[in-house]
Amino acid sequence: MYFPDEEVSFVGEDITEAYDGWRMFFDGATNFKGVGIGAVLLSEIGQHYPVSVKLRFLCTNNMAEYEACIMGLNLAIDMNIQELLVISDSDLLVHQVQGEWATKNTKILPYLYHVQKLMKRFTKIEFKHVPRIQNEFADALAIFHQ
């Protein structure tokens, strides 16, 4: 796979702190070029499974983040992954999914409910917020498809 920014490096290893299972990074990007979403699953042995898509409908940045999360969770389910650490630079999504922040936005609620439904397919799933610099690989995937 070709990435337009060759200087982007994957820094997921900064997140290993006592987690040696499957990890998922995801990101959504919305700008004048369109909407791109990307996710990457990282196995226990460090193998990467990236996926990215250009959305054919307009949506907000937060909606794009949820679309990317759902795409990644579906991939993990398809791969029969049972335990997953989900890592995102979307503070809003992580706190909403964890039930720490309320959601009243009628456009976001269906996304939140869908993520919560998908979470039930895992025996163990955790969400973690990280700074954007630690999510560069998923960010590159999202931007690639704009």
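Residues numbered from 1 in each chain as written. Predicted model: local features only at pLDDT ≥ 70, side-chain atom pairs only at ≥ 80, totals over all residues. Heavy atoms only, no water.

Description of the pattern of salt bridges
Within this structure, the stated rule accounts for one salt bridge. Across the salt bridge formed by Glu126 and Lys124, the nearest N and O atoms sit 3.4 Å from each other. Judged by relative accessible area, which is 35%, Lys124 ranks as partly exposed. (Salt bridge = Lys/Arg side-chain N within 4 Å of Asp/Glu carboxyl O. Buried < 20%, exposed > 50% of the residue type's maximum accessible area, 1.4 Å probe, protein only.)

Some words on the sheet that holds strand S3 (residues 48-55)
Taken together, five strands build an open sheet; the order of strands is S3-S2-S1-S4-S5 and the sheet is mixed. The open sheet is flanked by S3 and strand S5 (124-129), the only strands paired with a single partner. In this sheet, adjacent strand axes meet at a mean angle of 20° when their direction is disregarded. Bridge count between strand S2 (residues 34-42) and S3: eight bridges; the pairing is antiparallel. Among the inter-strand pairings, Gly38 is bridged to a residue of S3, identified as Ser52. (Pairing = 2+ DSSP bridges. Helix = DSSP H or I, 4+ residues; strand = E, 2+ residues; numbered from the N terminus. Axes fitted to C-alpha atoms, helices over the stretch in contact; angles between N-to-C directions.)

Focus: the confidence of the model for the protein chain
With 77% of its residues at a pLDDT of 70 or more, the protein chain has an overall mean of 83. Across residues 1-16 the pLDDT falls below 50, and counting only partners more than four positions away or on other chains, this stretch makes 28 contacts in the model. (pLDDT = per-residue confidence, 0-100. Contact = heavy atoms within 4.5 Å.)

Quick word on the environment of Gly72
Looking at where Gly72 falls in the secondary structure, it is placed in helix H1 (residues 61-78). Residues Gly72 and Asp27, spaced 45 residues apart in sequence, show a C-alpha to C-alpha distance of 9.7 Å. Excluding residues within four positions of it along the chain, Gly72 makes contact with Met24, Ala39 and Leu41.

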